[in-house]
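# Coordinates in review
Spelled out from the first residue to the last, the chains are:
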Amino acid sequence: MAGKSFFIDTSKCTGCRGCQAACKQWNQNPGTKTTQRGTYQNPADLSTATFKLVRFSEEAGSSGDPAWFFFPDQCRHCLYPLCKMEADKKAPGAVIIDKKTRAIVFDPAVKMSPEVFKGIREICPFDIPRHDEKSGGMAKCTMCFDRVSEGMLPACVKSCPTGTMNFGDRDDILKMAAKRLDEVKKVHRKASLIIPESVRAIFLVKDDPEKYHRFASREAEVGLTRRMALRRILDPVARVVRS
Ligand code: SF4
Ligand code: SF4
């Protein structure tokens, strides 16, 4: 079960969006038409053409003054992926676990109706998958498992100039994340890792996760379906930790 993991240290993120552009380029996703919405974040949300999105949130920082909270959002590659559990029931083969990396990968060739996709999206605790209603397939981050299988880094990690995006063997990444949290906590007492025991994309945040993004963590999510979904992914983990 070890596999690979990301460590995403948002305390180092400058919001340059290099990761977002690199993701689009590697996946050959088309550009997305953007509009002036009174924010630097563009596009507005994840889509079948945007698997990685740097979210920009302006909130009160620790001093009370306005501060930027950058959140390079993506699939968390959950250890117990509820998207797959739901897809297996209604659209078998749409979501697959890559054996080598343990990435949660989608197969765009498996078609599904908007109703079936709605169930998959709603059960994802982090609101990640998106559906192309024309083709019928779903889409999201693949962990660049094709690059990783050839010994390369995911495109977002390779392009990040600040050390925010890190990737490697899961055990090494867990150690890196714990060590960095100790350092950041000396300056930002509210710093935390977002459920590292349950996901393969481990975010470090300096402040309350909800300041970054509504679906950043379990505390930030609000829907009953997602709350139940989180309970289901956390329970098996708790059992593993205890055993
Ligand atoms: S974050 Fe959502 S889409 Fe990604 S593996 Fe977890 S449940 Fe699936
Ligand atoms: S490339 Fe790195 S610094 Fe730039 S937005 Fe992405 S995570 Fe942040």
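Here, every reference points to the structure presented above.
Residues numbered from 1 in each chain as written. Chains lettered and ligands numbered in written order. Predicted model: local features only at pLDDT ≥ 70, side-chain atom pairs only at ≥ 80, totals over all residues. Heavy atoms only, no water.

## A word on the site of ligand 1
What counts here: Throughout this document, a residue counts as near a molecule or strand when at least one of its heavy atoms sits within 4 Å of that molecule or strand. Amino acid classes used here: Ala, Val, Leu, Ile, Met, Phe, Trp, Tyr, Cys and Pro are nonpolar; Asp, Glu, Lys and Arg are charged; the rest, including Gly, are polar.
Close to ligand 1 lie 13 residues, the nearest being Cys-75, Arg-76, Cys-78, Cys-83 and Cys-124. The class makeup of the residues in the shell around ligand 1 is 10 nonpolar, one polar and two charged.

## Re the pattern of salt bridges
Opposite charge on two side chains lets them pair, provided their charged atoms get close. Quick note on the threshold: We count a salt bridge whenever a side-chain nitrogen from Lys or Arg sits within 4 Å of a carboxyl oxygen from Asp or Glu. Only runs of H or I of at least four residues qualify as helices and only runs of E of at least two qualify as strands under DSSP, and these elements are numbered from the N terminus. Exposure categories follow from relative accessible area, calculated using a 1.4 Å probe and restricted to protein chains: below 20% of the type maximum is buried, above 50% is exposed, and the middle band is partly exposed.
In the structure shown here, the tally under the stated rule is 17 salt bridges. In this structure, Arg-55 engages Asp-73 in a salt bridge whose closest nitrogen and oxygen atoms are separated by 2.8 Å. Separated by 18 residues along the polypeptide, Arg-55 in strand β2 (residues 53-60) and Asp-73 in strand β3 (residues 66-73) bring together distant segments of the chain. Each member of the pair, Arg-55 as well as Asp-73, is classed as buried. Taking the shortest distance from any N to any O, the salt bridge between Lys-90 and Glu-86 comes out at 3.1 Å. Within this pair, Lys-90 and its partner Glu-86 are both found in helix α2 (residues 82-90), separated by four residues, close to a single helical turn. Overlapping salt bridges bring together Asp-45, Arg-55, Asp-73, Arg-76, Arg-121, Asp-127 and Arg-130 as one network.

## Describing the layout of surface pockets
What counts here: Each cavity reported here is a set of points on a 1 Å grid over the protein atoms alone in which a 1.4 Å probe fits but cannot get out, each pocket an open set with protein on both sides within 12 Å along at least five of seven lines, and each lining residue one with an atom within 4 Å of a point. Grid points are joined across faces, edges and corners, and a volume is the space filled by probe spheres set on the points.
Space inside the largest pocket adds up to approximately 220 Å³. Taken together, Gly-61, Ser-62, Ala-67, Trp-68, Phe-69, Val-187, His-188, Arg-189, Lys-190, Lys-206, Asp-207 and Lys-211 make up the lining of the largest pocket. Among the residues forming the lining of the largest pocket, the class breakdown is four nonpolar, three polar and five charged.

## Describing the site of ligand 2
Taken together, 14 residues sit near ligand 2, with Cys-13, Cys-16, Arg-17, Cys-19 and Cys-160 positioned nearest. Its residues placed into classes, the shell around ligand 2 shows eight nonpolar, five polar and one charged.

## Description of the pairing of β2
Note the cut-off: Pairs of strands are assigned from DSSP output, requiring at least two bridges between the strands.
Pairing of β2 with β3, which is carried by eight bridges, proceeds in the antiparallel orientation. Note on β3: the bridge partner recorded for Arg-55 is Phe-71. Here β2 folds back onto β3 in antiparallel fashion, the turn holding five residues, of which Gly-64 has a positive phi close to 95 degrees.

## Comments concerning unusual backbone geometry
With an omega of -5 degrees, the peptide bond running from Asn-42 to Pro-43 counts as cis. For Gln-28, which is not a glycine, the phi torsion comes out positive at approximately 55 degrees. Mapped onto the fold, Gln-28 is located in the loop between α1 (18-26) and β2. A positive phi is found at Met-143, a non-glycine position, where the angle reads about 65 degrees. Position of Met-143 among the secondary structure elements: in the loop between β7 (138-139) and α4 (145-149). Looking at Met-143, the relative accessible area reads 0%, which means it is buried.

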